[in-house]
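Per-entry structural report
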Amino acid sequence: GSNARIDGTLTDAASSEVVVKLLNSNRYEILDTVKTNAAGQFTYKVDVAEGQPEFVYLFHNDRKVATLLLEAGDKVAVTTDALGNAVIEGSEESVKLMQVEREHAQMSYLFASLAAELETATGAKAQQLTEQMGKEYRAYNRKSVKYVMENSHSLTAIPVLYRNLGSLPVFALHTDAVLFNAIAERYEAVK
């Protein structure tokens, strides 16, 4: 079989453990627990079939510290800290996926803080916050649609389709359903 190799460094966690998980039909499956050496380094090989990329996640103390989308033959260098500030080299798809996740995390944080403010706001302030949330939501939706269209051949588009902002799915608009089906079909063809 073929595999992908991860050379990792956990900068602030020498002689500790990294849990390697695989995403399988929207469920995490634990592949292995890898020990880091005194310098926080580890190496791990993941079985990846040709033409069937795998979503692989690295966890440390129950916190996701890196997200990878690995293809057969990939040799990826991952440097991350215990908070998940990761730098990935050697896998373009993984770098894209990390960027997508980071933007979503920032957007979720902004959305949540606006929602929290809105709970106690009244009058014009409440109106303004509601409008701002709507604007941010639409902007993020547009950006996500653009990403999916431009990266429809990439599996990094899949998680984007399932994102929520608060309790709102990013792809809530019925027009997105058409896009969703097109991607799903292409994804099935890849699998």
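Residues numbered from 1 in each chain as written. Predicted model: local features only at pLDDT ≥ 70, side-chain atom pairs only at ≥ 80, totals over all residues. Heavy atoms only, no water.

We now examine the pairing of strand E7 (residues 75-80). Of the two faces of E7, the one holding Val76, Val78 and Thr80 is buried and the one holding Lys75, Ala77 and Thr79 is not buried anywhere. Bridge count for strand E1 (residues 3-10) against E7 is six bridges, and the pairing is parallel. Bridge pairing in E7 links Arg5 to Lys75. Pairing between E7 and strand E8 (residues 87-89): three bridges, direction antiparallel. The partner of Val78 across the bridge, within E8, is Ile88. (Buried < 20%, exposed > 50% of the residue type's maximum accessible area, 1.4 Å probe, protein only. Helix = DSSP H or I, 4+ residues; strand = E, 2+ residues; numbered from the N terminus. Pairing = 2+ DSSP bridges.)

One open sheet holds the four strands; their spatial order is E4-E1-E7-E8, and the pairing between them is mixed. The open sheet has two free edges, formed respectively by strand E4 (41-47) and E8, since each of these has just one partner strand. Neighbour to neighbour, the strand axes of the sheet diverge by 20 degrees on average, direction disregarded. Two strands pair when backbone bridges link them, and E1 and E4 are joined in this way by seven bridges, in the antiparallel orientation. Within E4, the residue paired with Gly8 across the bridge is Phe42. (Axes fitted to C-alpha atoms, helices over the stretch in contact; angles between N-to-C directions.)

Take the environment of Ile6 next. By secondary structure assignment, the location of Ile6 is in strand E1. In sequence terms Ile6 and Asp74 are 68 residues apart; their C-alpha atoms lie 8.2 Å from each other. In contact with Ile6, other than residues within four places in its own chain, are Phe42, Thr43, Tyr44, Val46, Val56, Leu58, Leu68, Leu70, Val76 and Val78. (Contact = heavy atoms within 4.5 Å.)

Below, the discussion takes up the sheet that holds strand E2 (residues 17-24). Strands sit in the order E3-E2-E5-E6 across an open sheet of four strands; the sheet is antiparallel. On the outer flanks of this sheet lie strand E3 (27-35) and strand E6 (63-70), each paired with one strand and no other. Each neighbouring strand pair of the sheet contributes to a mean axis angle of 25 degrees, computed without reference to strand direction. Here E2 runs beside E3; their pairing, made up of eight bridges, is antiparallel. Each residue of the ladder has a partner; that of Val19, found in E3, is Thr33. Against the sheet, helix H1 (residues 92-120) contacts strand E5 (54-60) and E6, and its axis sits at roughly 140 degrees relative to E6.

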